[in-house]
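Each chain, written out:
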Amino acid sequence: MKPTNEALAERRARVAKRWELADEVVLLRAGEPAGWSGTDQHFAFLPHPDVAYLTAVGSPGTTLAFDAAAGEWELFGPRFTPERLVWEQPPTPVGRPLDELGDWLAERGDRTVIELGAGAEMPETLPAAAEKAESDTPASNGQPAEASDDSTDEQADASPEATVLRLGAAIALERMTKDEAELDDIRCAAAASATGFDWVYANAAVGMTEREIQVGMEAQFFAAGAPRVAYDSIVASGPHGAYLHYVYAGDDPLRPATRTVEAGDLLLIDAGAQFGGYASDVTRTMVVGADPTDEQEYIWKLVLSAQQQTIDMCRPGIVWRDVHLASARILGAGLVEMGVLRGDPAELVAQGAVALFFPHGLGHLLGLSVHDITSVPYSRTPSEDPVLSRLGPERVLAAGTVTTVEPGLYFIDALLCDPARREKFADSVVWDRVDELRGFGGIRIEDDVLVTDADPEVLTAAIAKPIRIG
Ligand code: GLY
Ligand code: MN
């Protein structure tokens with residue numbers, strides 16, 4: 001659902017309030033299509049998500065301007081020349097013509113212009129003063145750095161880098177919780193995804209290629225009204241499930257290979273439709289054309305149990321890292337029971353043994369990007385732990401947060417055949433048992449979860465979780 005003008009005005013007002021600017025001018029640019037080197041072609045364009053959030057449009061070149069002294073926003077959109085209109089249909093006209101932006105800026109004299117959105121240089125680390133402001137904030141909850149309440153704070157960093165970071169973080173804070181229009185788009189994306197997964201359950205079978213299954217599924221997404229997929233679909237059969245991001249043509253863009261599904265294979269599908277710019281992100285893993293083996297069934301049920309227990313933890317006030325660690329302990333305990341690990345599950349998590357089999361975070365924010373709000377470095381202290389450092393923002397869940405919950409267990413040769421890891425984890429991993437399971441692939445189960453003041457709402461609950469298809 002496209003946000004109403006009132007809803008957009010509210011988003012902008014909340015952002016401007018957080019910015020606390022005096023007389024600066026801010027430009028947020030949607031960006032330009034990325035070119036394919038050596039050709040006159042361009043990749044499909046999507047606007048910078050901050051611009052999409054504040055304008056609900058985003059043809060290339062779209063620019064949202066803010067005059068802090070006047071407290072006024074002005075939108076500029078591209079208009080095509082007659083020559084260009086011979087080849088391309090016109091972008092939906094929004095705001096003032098983009099070629100008036102220069103005059104608009106000139107009218108504002110030599111006031112400081114701050115560039116955000118596409119092309120803005122976002123510092124990679126949190127400047128020291130911004131970090132201080134964050135830790136000083138009484139309700140500091142691991143969200144992006146907020147401006148210190150004390151504007152006379154001598155330590156406030158007014159450098160251009162810190163300002164860009166502070167203003168970007170303010171938008172990120174607003175995007176952290178979704179309003180009704182955003183939730184409506186995510187629900188539409190989830191509904192389109194459901195049609196694709198239903199097609200898989202009814203049609204995927206032994207003898208089909210991964211590619212055939214992908215194309216059949218995505219056709220349903222598009223038939224249901226999704227303009228595109230939210231990310232490259234992962235359709236991984238058998239051992240391919242052990243590559244977390246196994247995608248078609250990942251091997252060779254010119255002559256991609258595809259595998260034919262065999263009876264008894266695990267089929268891991270991680271895919272989602274996009275709607276209104278908003279993503280859905282769903283993973284299901286099934287055994288195709290045969291009853292699951294004991295090991296497939298045990299691990300599938302273990303992953304599902306970890307998912308159910310941690311979805312239930314997705315409530316306002318909980319620190320995401322704690323939800324992740326809970327999922328790792330559940331999976332670790334299951335691996336001990338299965339004879340793959342030995343020791344205390346919490347210690348196995350802490351020493352990194354569980355991460356050999358669960359080498360990713362439990363989930364990520366979802367919204368205008370499948371991994372939403374990743375451009376602002378707002379984790380206060382980067383963790384040295386390889387999994388915790390990938391968890392994304394240190395964050396506390398709030399009503400309105402949409403997060404994926406996607407535990408998984410994998411048997412990944414790159415990790416499990418590494419002599420250094422075998423030595424390091426000689427006591428905690430039962431390597432003979434691991435060797436029996438090499439080639440197993442992986443099992444991941446993922447849903448999109450809305451945190452509410454009541455129980456968590458699973459936005460992708462309509463997508464069934466069969467353990468066997470075909
Ligand atoms: N959907 C892929 C991922 O979450 O990384
Ligand atoms: Mn995901």
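Residues numbered from 1 in each chain as written. Chains lettered and ligands numbered in written order. Predicted model: local features only at pLDDT ≥ 70, side-chain atom pairs only at ≥ 80, totals over all residues. Heavy atoms only, no water.

Things to note about the site of ligand 1
If you check the shell around ligand 1, you find Tyr231, His245, Asp270, Asp281, His364, His371 and Glu406 and nothing else. In the environment of ligand 1, an oxygen atom lies 2.8 Å from a nitrogen or oxygen atom belonging to the side chain of histidine 371. Note that an oxygen atom of ligand 1 is positioned 3.5 Å from one of the side-chain N or O atoms of glutamate 406. Compared with its free state, where it exposes 200 Å², ligand 1 has 91% of that area covered by protein. Of the residues in the shell around ligand 1, the class split is one nonpolar, three polar and three charged. (Near = heavy atom within 4 Å. Polar contact = N/O pair within 3.5 Å; in protein donor to acceptor, adjacent residues only side chain to side chain. Areas by Shrake-Rupley, 256 points an atom, 1.4 Å probe, with all protein chains shown as cover. Nonpolar A, V, L, I, M, F, W, Y, C, P; charged D, E, K, R; others polar.)

Here we look at the pairing of strand E3 (residues 72-77)
Where strand E2 (residues 63-67) meets E3, five bridges bridge the pair, whose relative direction is antiparallel. Bridging from a neighbouring strand, aspartate 67 pairs with glutamate 72 of E3. Connecting E2 to the next strand, E3, in antiparallel fashion are four residues, including glycine 71 with a positive phi near 65°. Bridge count between E3 and strand E4 (residues 96-97): two bridges; the pairing is parallel. Note that in E4 the partner of glycine 77 across the bridge is proline 97. (Pairing = 2+ DSSP bridges. Helix = DSSP H or I, 4+ residues; strand = E, 2+ residues; numbered from the N terminus.)

Concerning the environment of valine 396
When you line up the elements, valine 396 lands in the loop between helix H11 (345-351) and strand E12 (402-405). In the structure, valine 396 is positioned 81 residues away from arginine 315 in sequence and 9.2 Å away in space, judged by C-alpha atoms.

Some words on the packing of aromatic side chains
The geometry of an aromatic ring pair is captured by two quantities: the separation of the ring centres and the angle between the planes. For the structure on display, the rule yields eight aromatic pairs. Ring centres of phenylalanine 76 and tryptophan 104 lie 5.9 Å apart, and the angle between their planes is 70°; this geometry places the pair in the edge-to-face category. Here the residue phenylalanine 76 occupies a position in strand E3, and tryptophan 104 occupies one in helix H4 (residues 101-106), the gap between them amounting to 28 residues. Tryptophan 104 shares its class with phenylalanine 76; the two are buried. Ring geometry for tyrosine 243 against tyrosine 246: centres 6.5 Å apart, planes inclined by 25°, an arrangement best described as stacked. For tyrosine 243, a relative accessible area of 53% gives the class exposed. Sitting over the face of the ring of phenylalanine 80, arginine 84 holds its NZ or CZ atom 3.9 Å from the ring centroid. (Phe/Tyr/Trp six-rings, centres within 6.5 Å; stacked < 30°, edge-to-face > 60°. Buried < 20%, exposed > 50% of the residue type's maximum accessible area, 1.4 Å probe, protein only. Lys NZ or Arg CZ within 6 Å of the ring centre and 35° of its normal.)

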